[in-house]
Amino acid sequence: MPSDKILLANVNVATMQSGSAAYGMMTDAAVLLDGDQIEWVGNAKDAPDLPITDLGGRLMTPGLIDCHTHLVYGGDRAREFEMRLEGATYEEVARAGGGIVSTVGATRQASVDDLLGSALPRADALIAEGVTTLEIKSGYGLNEETELNMLRAARRVGETRQVDVKTTYLGAHATPAEYKGRDDDYIDEVAIPALRAAHAAGLADAVDGFCEGIAFTPAQIARVFDTARQLDLPIKLHAEQLSNLGGAKLAATRGALSCDHLEYLGENGVEAMAAAGTVAVILPGAFFTLRETQKPPIEALRAAGVPIAVATDANPGSSPLTSILLTMNMACTLFRLTPEEALAGVTRIAAQAVGLSDRGVIAPGMRADLAIWDVKRPGELAYRMGFNPLHRRIFGGV
Ligand code: DI6
Ligand code: FE
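Throughout what follows, the structure given in this document is the object of discussion. (Residues numbered from 1 in each chain as written. Chains lettered and ligands numbered in written order. Predicted model: local features only at pLDDT ≥ 70, side-chain atom pairs only at ≥ 80, totals over all residues. Heavy atoms only, no water.)

### Here we look at the layout of surface pockets
When its volume is computed, the largest pocket comes out at roughly 1,200 Å³. Lining the largest pocket are 40 residues, and of these Arg77, Tyr90, Gly99, Ile100 and Ile214 lie nearest its centre. Mapped onto the lining of the largest pocket, the elements with two or more residues apiece are helix 1 (78-85), helix 2 (90-95) and helix 3 (100-109). Tallied by class, residues from the lining of the largest pocket come to 17 nonpolar, 13 polar and 10 charged. The wall of the second largest pocket is formed by 13 residues, among which Arg77, Phe81, Pro316, Gly317 and Pro320 lie closest to the centre. Secondary-structure elements contributing two or more residues to the lining of the second largest pocket are helix 1 and helix 10 (284-289). A per-element tally of the lining of the second largest pocket places helix 1 first, with four residues. Its residues assigned to classes, the lining of the second largest pocket comprises six nonpolar, two polar and five charged. (1 Å grid on protein atoms, 1.4 Å probe; cavity = no way out; pocket = protein on both sides within 12 Å on 5 of 7 lines; lining within 4 Å. Points joined across faces, edges and corners; volume = space filled by probe spheres on them. Helix = DSSP H or I, 4+ residues; strand = E, 2+ residues; numbered from the N terminus. Nonpolar A, V, L, I, M, F, W, Y, C, P; charged D, E, K, R; others polar.)

Below, the structure is given as structure tokens:
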């Protein structure tokens, strides 16, 4: 028997396959890995006759997937947090050089090495909680050079650490100061050409935008999506976070992988997402940080059969959050997801949100990305706050 086969035994497996038992649970199970793939999973008594790695009756889940992050950026916004708590308004913060503009300034000043260096501790925090796949967006460069540098730094996170990184181009995130009042020109002269350049350099796996009163209109986002279609890149959208502009319907109609945030999503947006099979990515960290009170329409999404993913939205402004486990807890506590929905939201459904069909469940043929936990039942993963029960993480069979 070749030595790259590993039999993991004495383990309870939350396979996260839908349709079967809750969590796709298999007790007294064994999992056979062949290199970077899962070859077999089943009852321990049916396992092939091989030396075993004893997991001591622990719980195994698929490796976790954070399907929406802005992990790469320059500087920080801690001072702005203080100012707001001292009573400063958003406008005063902006006039004092804060807000998204300050992150753009600091990101433009940073080299790719600098961006990598500041992103790694944030990636490490997620990896330490069992994350094996990470989506990272650009969107704080807002010029071609810096947007591409952000994507280069994101790729390098995946080369430097044992984690698979999917990059998303988010040039249509905000209008930079030099284009103030000229949003259309920014889209045509910067966001679209930089998307072409990112694609030509092989740096973009998907395309995202921020469709919002304080960002871009559906018509402007549609132009970016037209270019994505020409380049054959999948699309996603920050939609209906602060108001309902119809971004989710636009994105879903064009076959988006996901629409994200969705606090102000209306019934026609839900219907369009259901019809297209678009994933709803909910981001409780941003909801919490902004002290939002309008919740995403979870009940309507469930009723329509829209798959729901959960992600950190890790970013310096609206979600300085790098704990996927706390994010799961917040999805349950704030949005009333069940712990099973929260775990599916960072495994099977998160894989769908980033367009990957080779991970997110434990089944033959899937990537051997696994997390092994010192807990008895999978519901415990969403239950605690500030406690990390990860025992071991397996990335690509290692
Ligand atoms: N939605 C948000 O909440 C953030 N970006 C986005 O598209 C805000 C990002 C920031 O404040 O830095
Ligand atoms: Fe975001």
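Picking up where we left off.
### Overview of the sheet that holds strand 4 (residues 52-62)
Read across the open sheet, the six strands follow the order 3-2-1-4-13-14; overall the sheet is mixed. Each of the sheet's edge strands pairs with one partner strand only, and the pair in question is strand 3 (37-43) and strand 14 (390-394). In this sheet, adjacent strand axes meet at a mean angle of 40 degrees when their direction is disregarded. As judged from the eight bridges shared by strand 1 (residues 5-14) and strand 2 (residues 25-34), these two strands associate in the antiparallel manner. Pairing of Lys5 across the sheet is with Asp34, part of strand 2. (Pairing = 2+ DSSP bridges. Axes fitted to C-alpha atoms, helices over the stretch in contact; angles between N-to-C directions.)

### Considering the side chain of His173
With respect to the helices and strands, His173 occurs in the loop between strand 7 (164-172) and helix 6 (183-200). Owing to a relative accessible area of 7%, His173 belongs among the buried residues under this scheme. (Buried < 20%, exposed > 50% of the residue type's maximum accessible area, 1.4 Å probe, protein only.)

### Brief notes about the pairing of strand 1
Counting buried positions over the 10 residues of strand 1 gives seven, a clear majority of the element. Of the strand pairs in this sheet, strand 1 and strand 4 are connected by six bridges, and their pairing is parallel. Paired with Asn12 across the strands is Leu59, a residue of strand 4.

### Quick notes on the site of ligand 1
Lining the immediate surroundings of ligand 1 are Arg77, Tyr140, His173, Phe210, His238, Gln241, His261, Asn315, Gly317 and Ser318. One of the side-chain nitrogen or oxygen atoms of His238 is found 3.4 Å away from an oxygen atom of ligand 1. The side chain of Ser318 places a nitrogen or oxygen atom 2.7 Å from an oxygen atom of ligand 1. Protein contacts shield 92% of the accessible area of ligand 1, which totals 320 Å² for the unbound molecule. (Near = heavy atom within 4 Å. Polar contact = N/O pair within 3.5 Å; in protein donor to acceptor, adjacent residues only side chain to side chain. Areas by Shrake-Rupley, 256 points an atom, 1.4 Å probe, with all protein chains shown as cover.)

### A look at the nonpolar core
Considering soluble globular proteins, one finds that nonpolar side chains tend to be buried as a cluster. Counting 128 residues, the largest nonpolar core has Met60, Cys67, Leu134, Val157, Tyr169 and Met273 as its most contacted members. Broken down by element, this core gets its largest block of residues, nine residues, from helix 6. Formed by five residues, the second largest nonpolar core is a distinct cluster that contains Leu7, Ala30, Leu32 and Leu50. (Core = buried A, V, L, I, M, F, W, Y, C linked by side-chain atoms within 4.5 Å.)

### Quick word on the coordination of the iron ion (ligand 2)
The reference angle at a metal is 109.5 degrees if four donors form a tetrahedron and 90 or 180 degrees if six donors form an octahedron. Distances from the iron ion (ligand 2) to its protein donors, His68 (NE2), His70 (NE2), His238 (NE2) and Asp313 (OD), fall within 2.1 to 2.2 Å. Because the angles between the four donor atoms bound to the iron ion (ligand 2) fall within 81 to 165 degrees, the donor set is best described as irregular. Going along the chain, you hit the donors of the iron ion (ligand 2) in the pattern H-x1-H-x167-H-x74-D. Accessibility expressed as a relative area gives 0% for His68, which makes it buried. In this structure His70 comes out as buried when scored by relative accessible area, which is 2%. (Donors = N, O, S within 2.8 Å, 3.2 Å for Na, K, Ca; no water. Tetrahedral: all angles 85-135°; square planar, octahedral: opposite > 155°, others 65-115°.)

### Side note on the pattern of salt bridges
Opposite charge on two side chains allows them to pair when their charged atoms are near. Applying the stated criterion across every chain, the model contains 24 salt bridges. Between Glu178 and Arg108 there is a salt bridge whose closest N-O contact spans 2.9 Å. Taken as a pair, Glu178 in the loop between strand 7 and helix 6 and Arg108 in helix 3 lie far apart in primary sequence, 70 residues in all. A relative accessible area of 42% means that Glu178 is categorised as partly exposed. Here Arg108 falls in the partly exposed class, since its relative accessible area comes to 29%. Three or more residues joined by partner-sharing salt bridges are found here, namely Lys5, Asp34 and Glu39. (Salt bridge = Lys/Arg side-chain N within 4 Å of Asp/Glu carboxyl O.)

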